[in-house]
Amino acid sequence: MWVEGGRDGSRGVWWVGKAHRVARSNWNLSRSTHATARTCQNSLVSIRVGTDVLITCPHCERPALAEVVGEAPGHDDDGSPPYLLELARCGKCAKPFLAVEEDYGEGWDGEPGVLWPEQQRPLSAHVPEDLRHVHAEGRRCFSAKAYTATAVMVRRTLEAVCVDQGMDGAASGRPKPLFKMLEEMRDQGKIDGRLFEWAHELRSLGNQGAHYSSRSVTREDAADGLALAEALLDYLYVLHAQFNTFKQRRQNAHARRTAHRVPSPGAPQDSADAGQQASSDPAAQNEA
């Protein structure tokens, strides 16, 4: 390449050489940057990428092996366990979905739950872990279209709630039937009349699933049972705690406002302050 410069062209040759050196330097820098990025990427240890997980596909609703093609571990600051996000592809319909696993202290649980396409929202970390596991098993039964088993797990969720609330009679050594435990929760004010009615119907649904009869549990009944059981968990462990936090925060704010309140000039004073002011007022003393 030739660029005209001075009369002999020497100046142009110098600029061409400089441009060539700058371009080669940028190319080497680009190669180095890409190599560094590849090294950093390769240094990340894969947990699930390249492996298959057994899951009910949210698209075709069939049990299938899905290949994990991407992942991202993470954790929140609210005390919930670490999680592993997994981008996977169904081995039957080939459609992608996003799943999550959790680590409760013994490694990833190996039972990923689907996050997208959205099926059900995850239960709050305020719900005790054992209760979350029982309810999650009911969800898996529903995803597998095992509606009778779903009804049984709904009833088991109710029993787990009663035991967690101390209604099982463990102190007296006399186990109680589920209906009695639910009555005690109502009598102690842990649930109101409407929630007791919900729980009673869920118990009846669970009995229908647990005992053989000509009546089968429908998909609609199983879905409603899961939703009502989830609402009961939210009321007892999430909304109740949230309301207490809200109430305490407002009480603390009111106490701070009261402590820093400055009395207005015409505001009445208490008797001690009024007596002290009268004793120091010469006019009041003369009148006395």
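Given the structure is predicted, the values throughout are model-derived calculations rather than measurements.

K.L.:
I'd like a description of the sheet that holds strand β5 (residues 113-116), backed by residues and values.
P.N.:
Across the sheet, which stays open at both edges, the five strands sit in the order β1-β2-β3-β4-β5 with antiparallel pairing between neighbours. With one partner strand each, in any of the chains shown, β1 (52-56) and β5 form the two edges of the open sheet. Between one strand axis and the next, the sheet turns by 45° as a mean value, whatever way the strands run.

K.L.:
How would you explain the confidence of the model for the protein chain if you had to name every residue and give the values?
P.N.:
In the predicted model, the protein chain carries a mean pLDDT of 78, and 73% of its residues have values of at least 70. Put simply, helix α1 (residues 10-43) is where the protein chain has its lowest mean pLDDT, 43, and strand β3 (residues 83-90) is where it has its highest, 95. Per-residue pLDDT stays below 50 along residues 1-20; that stretch engages in 12 contacts with residues further than four places along the chain or on separate chains. Every residue in residues 22-43 scores below 50 in pLDDT, and together they form zero contacts with partners more than four places removed in sequence or on other chains.

K.L.:
Go over a negative patch on the surface, please, and point to the residues and values.
P.N.:
Residues E106, E129, D130 and D164 make up a contiguous surface patch of negative charge. Within the secondary structure, E106 is located in the loop between β4 (96-102) and β5. Assessed through its relative accessible area of 80%, E106 is described here as exposed.

K.L.:
Any chance you could break down the packing of aromatic side chains for me, citing the residues and the numbers?
P.N.:
Taken as a whole and judged by the stated rule, the model has three aromatic pairs. Relative to F246, the ring of F243 has its centre 6.4 Å away and its plane inclined at 40°; by these criteria the two rings are tilted. On the criterion of helical spacing, the pair formed by F243 and F246 is a turn pair, its members being three residues apart in helix α6 (residues 219-259). Accessibility expressed as a relative area gives 38% for F246, which makes it partly exposed.

K.L.:
Which residues make up helix α4 (residues 178-187), and what values go with them?
P.N.:
When α4 is considered as a whole, its buried residues turn out to be L178, M181, L182, E183 and M185. Where α4 ends, the next residue or the one after it, G189, has phi of about 80°, a positive value.

K.L.:
Requested: an account of the pattern of salt bridges, with residues and values cited.
P.N.:
Under the defined criterion, the tally for this structure stands at eight salt bridges. Of the charged contacts, one joins K176 and E184 as a salt bridge, the two residues approaching to 2.5 Å between their closest N and O atoms. Here R186 ties to D187 by a salt bridge, and the two come within 3.3 Å at their closest N and O atoms. Given the relative accessible area of 32%, R186 is considered partly exposed. Under the relative-accessibility criterion, D187 is labelled exposed at 59%. One network of salt bridges, with partners in common, ties together R48, E86 and E101.

K.L.:
Please set out the environment of A223 residue by residue, giving values where relevant.
P.N.:
Tracing the chain through its elements places A223 in helix α6. When the C-alpha atoms of A223 and A151 are compared, they prove to be 9.1 Å apart, with 72 residues separating the residues in sequence.

K.L.:
Requested: an account of the nonpolar core, with residues and values cited.
P.N.:
Residues V161, C162, M185, I191, L233, L236 and Y237 are the most contacted members of the largest nonpolar core, which totals 30 residues. Those elements that place two or more of their residues in this core are α2 (129-143), α3 (147-164), α4, α5 (193-210) and α6. No other element matches the eight residues that α6 contributes to this core. For L236, the residues in contact, after removing those within four places along its chain, are V161, M185, K190 and I191. Membership of the second largest hydrophobic core comes to 11 residues, among which are I55, A66, V68 and F97.

K.L.:
I'd like a description of the pairing of β4, backed by residues and values.
P.N.:
Across seven bridges, the pairing between β3 and β4 is antiparallel. What sits directly across from Y83, in β4, is E102. The turn joining β3 and β4, which pair antiparallel and follow one another in sequence, is formed by five residues; a positive phi near 65° is taken by A94. As judged from the three bridges shared by β4 and β5, these two strands associate in the antiparallel manner. Residue V100 lies in a different strand from β5, and its bridge partner there is G113.

K.L.:
So what's going on with α3? Which residues, and what values?
P.N.:
Between the first and last C-alpha of α3 there are 26 Å, a value that for 18 residues agrees with the 26 Å anticipated at 1.5 Å per step. Those residues of α3 lying buried are Y147, T150, A151, M153, V154, R155, T157, L158, V161 and C162. Looking at the buried positions of α3, the neighbouring elements they touch are α2, α4, α5 and α6. Positive backbone phi, at 80°, marks G166, one or two positions downstream of α3.

The rules behind each value
Residues numbered from 1 in each chain as written. Predicted model: local features only at pLDDT ≥ 70, side-chain atom pairs only at ≥ 80, totals over all residues. Heavy atoms only, no water. Pairing = 2+ DSSP bridges. Helix = DSSP H or I, 4+ residues; strand = E, 2+ residues; numbered from the N terminus. Axes fitted to C-alpha atoms, helices over the stretch in contact; angles between N-to-C directions. pLDDT = per-residue confidence, 0-100. Contact = heavy atoms within 4.5 Å. Patch = residues over 30% accessible without salt bridge, like charges linked within 9 Å, V, L, I, M, F, W, Y side chains within 5 Å. Areas by Shrake-Rupley, 256 points an atom, 1.4 Å probe, with all protein chains shown as cover. Salt bridge = Lys/Arg side-chain N within 4 Å of Asp/Glu carboxyl O. Lys, Arg positive; Asp, Glu negative; His and termini not counted. Charge placed at Lys NZ, Arg CZ, Asp CG, Glu CD. Buried < 20%, exposed > 50% of the residue type's maximum accessible area, 1.4 Å probe, protein only. Phe/Tyr/Trp six-rings, centres within 6.5 Å; stacked < 30°, edge-to-face > 60°. Core = buried A, V, L, I, M, F, W, Y, C linked by side-chain atoms within 4.5 Å. Expected span 1.5 Å × (residues − 1).

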